[in-house]
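# Structural description and commentary
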Amino acid sequence: TSTNSNGYTQYVADDLSSDSFIKGAAYDFSAPERSLEIPNAITAASGLGNFGPNDYFSAADPFTNVYYPETTTFTWEADSDSSSTLLFIIEVYDNVGSQVVANFQCHVADTGTYQIPTNMFSNVISGDIMVIGMYRVRMSTATNPQDGSSIESISMVGGLGIAIYQ
């Protein structure tokens, strides 16, 4: 529990190991100092299922993964929950990995497929190294029965991948 600069109280999960986290599960909200318990108030993001291009997110040699801006499409198992979206966080380094030449995010509908717009790569040249974060984001909202205020949460599940821009 902490209070931010705007005076709002923030709650963060504690004592929850990564082994205890269950993708797609509902969690209770508990604020004992306020005598507040809300069952199933927060729903964690579900996994992406089989997502890819698979090579980008595997333990294979990343320098064999090639990203073609006109044809590479990201795929995953779509979530039917309308509160889920996909977030792509892309960082592109020059071909020796010493300087960031592009850094952008794409936050899109959870449809199961997405192709990053080619205009996002205006400063990128063939051979540059891409670090690709692909995350499902789930927003949850519950109502505080004591005063009707909203309790909002965000959870993310995903992976990091690497490819060479062509």
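Residues numbered from 1 in each chain as written. Predicted model: local features only at pLDDT ≥ 70, side-chain atom pairs only at ≥ 80, totals over all residues. Heavy atoms only, no water.

Turning our eyes to something else, we now look at the packing of aromatic side chains. Within this structure, the stated rule accounts for eleven aromatic pairs. Here the aromatic rings of Tyr67 and Tyr165 are separated by 6.2 Å at their centres, their planes lie at 25°, and the arrangement is stacked. With Tyr67 in strand 5 (residues 66-67) and Tyr165 in strand 11 (residues 150-165), this residue pair connects regions lying 98 residues apart in the sequence. Neither residue differs from the other here; Tyr67 and Tyr165 are each classed as buried. An aromatic cluster is defined as three or more aromatic residues linked by ring pairs; in this entry it consists of Phe51, Tyr56, Phe57, Tyr67, Phe74, Trp76, Phe88, Phe104, Tyr114, Phe121 and Tyr165. (Phe/Tyr/Trp six-rings, centres within 6.5 Å; stacked < 30°, edge-to-face > 60°. Helix = DSSP H or I, 4+ residues; strand = E, 2+ residues; numbered from the N terminus. Buried < 20%, exposed > 50% of the residue type's maximum accessible area, 1.4 Å probe, protein only.)

Structurally, the position occupied by Ser84 is in strand 7 (residues 84-93). By relative accessible area, which is 4% here, Ser84 ends up buried. A distance of 3.0 Å separates the side chain of Ser84 from the side chain of Asp79, its partner in a polar contact. Among residues more than four places away in sequence, those in contact with Ser84 are Asp79, Asp110, Arg136, Val137 and Arg138. (Polar contact = N/O pair within 3.5 Å; in protein donor to acceptor, adjacent residues only side chain to side chain. Contact = heavy atoms within 4.5 Å.)

Strands sit in the order 5-11-10-7-8 across an open sheet of five strands; the sheet is mixed. Bordering the open sheet on either side are strand 5 and strand 8 (100-109), each of which pairs with just one other strand. Two strands pair when backbone bridges link them, and strand 10 (residues 129-143) and strand 11 are joined in this way by 15 bridges, in the antiparallel orientation. The residue of strand 11 that forms the bridge with Ile129 is Ile164. (Pairing = 2+ DSSP bridges.)

Bringing the nonpolar core into the picture now. Nonpolar side chains in soluble globular proteins tend to be buried together. Ranked by internal contacts, the top residues of the largest apolar core, which has 23 residues, are Tyr67, Phe74, Phe88 and Ile116. Among the secondary structure elements, those contributing two or more residues to this core are strand 7, strand 8, strand 10 and strand 11. Ignoring any residue separated from it by four or fewer positions in sequence, one finds Tyr67 in contact with Tyr56, Thr72, Phe74, Ile116, Phe121, Met130, Ala163, Ile164, Tyr165 and Gln166. In terms of nonpolar packing, the next biggest core, distinct from the first, is built from seven residues, Phe29, Ala31, Ala142 and Ile151 among them. (Core = buried A, V, L, I, M, F, W, Y, C linked by side-chain atoms within 4.5 Å.)

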